[in-house]
Amino acid sequence: MICEFCGGETQARKVKRSHWLQGRLYIVENVDAEVCQGCGERYFHATTLDAIDRHLSMEHEVKETMNVEVVDIAA
Ligand SMILES: [Zn+2]
């Protein structure tokens, strides 16, 4: 597809995505995306995002857990 920000060509790739579901943050690996070769913008199909929601809602394997810092840039 064509990037809507820079007009560059996108390429199908597997990416790591931070994904919120019901107030919880997940890092999901090997997510299908279209990545712009010009500006790096990533596009996800709605069906891909729905599939992640379904996967996380069911019993699933957890590869690792990590602590995440929450920072207020104005503080
Ligand atoms: Zn772009």
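What about the coordination of the zinc ion?
The protein atoms that coordinate the zinc ion are C3 (SG), C6 (SG), C36 (SG) and C39 (SG), at distances of 2.3 Å. Bound by four donor atoms, the zinc ion shows angles of 94 to 118° at the metal and therefore tetrahedral coordination geometry. Read in sequence order, the donor residues for the zinc ion give the motif C-x2-C-x29-C-x2-C. Taken as a pair, C6 in the segment before β1 (10-21) and C36 in strand β2 (residues 24-36) lie far apart in primary sequence, 30 residues in all.

Section: the pairing of β1
As judged from the eleven bridges shared by β1 and β2, these two strands associate in the antiparallel manner. Within β2, the position partnered with R17 by the bridge is V28. Counting the residues between successive antiparallel strands, the hairpin from β1 to β2 contains two residues, one of them, Q22, with a positive phi of roughly 50°.

Describing the nonpolar core
Core analysis: the largest hydrophobic core is formed by nine residues, namely V15, L21, Y26, V28, V31, A33, V35, I52 and L56. If you tally residues by element for this core, the top one is β2, at five residues. If sequence neighbours within four positions are ignored, V15 has contacts with V28, E29, N30, V31, A33, V35, R42 and F44.

Description of a nonpolar patch on the surface
A surface patch of nonpolar side chains, amounting to about 540 Å² of accessible area, comprises W20, L25, I27, M66 and V68. Residue class for W20 comes out exposed when judged on its relative accessible area of 59%.

Some details on the sheet that holds β1
Neighbouring strands of a sheet are bound in pairs by backbone hydrogen bonds; such pairs are parallel or else antiparallel. Sheet architecture is open: three strands sit in the order β1-β2-β3, paired in antiparallel fashion. Both edges of this open sheet fall to β1 and β3 (42-43), since each of them pairs with a single strand only. Taken together, the two bridges between β2 and β3 define a ladder with antiparallel strand orientation. Within β3, the residue paired with E34 across the bridge is Y43. The strands touched by helix α1 (residues 46-57) within the sheet are β1 and β2, with β1 carrying the most contacts at an inclination of about 45°.

Each value, and the rule that gives it
Residues numbered from 1 in each chain as written. Predicted model: local features only at pLDDT ≥ 70, side-chain atom pairs only at ≥ 80, totals over all residues. Heavy atoms only, no water. Donors = N, O, S within 2.8 Å, 3.2 Å for Na, K, Ca; no water. Tetrahedral: all angles 85-135°; square planar, octahedral: opposite > 155°, others 65-115°. Helix = DSSP H or I, 4+ residues; strand = E, 2+ residues; numbered from the N terminus. Pairing = 2+ DSSP bridges. Core = buried A, V, L, I, M, F, W, Y, C linked by side-chain atoms within 4.5 Å. Buried < 20%, exposed > 50% of the residue type's maximum accessible area, 1.4 Å probe, protein only. Contact = heavy atoms within 4.5 Å. Patch = residues over 30% accessible without salt bridge, like charges linked within 9 Å, V, L, I, M, F, W, Y side chains within 5 Å. Areas by Shrake-Rupley, 256 points an atom, 1.4 Å probe, with all protein chains shown as cover. Salt bridge = Lys/Arg side-chain N within 4 Å of Asp/Glu carboxyl O. Axes fitted to C-alpha atoms, helices over the stretch in contact; angles between N-to-C directions.

On their own, these measurements won't tell you what the molecule is for.
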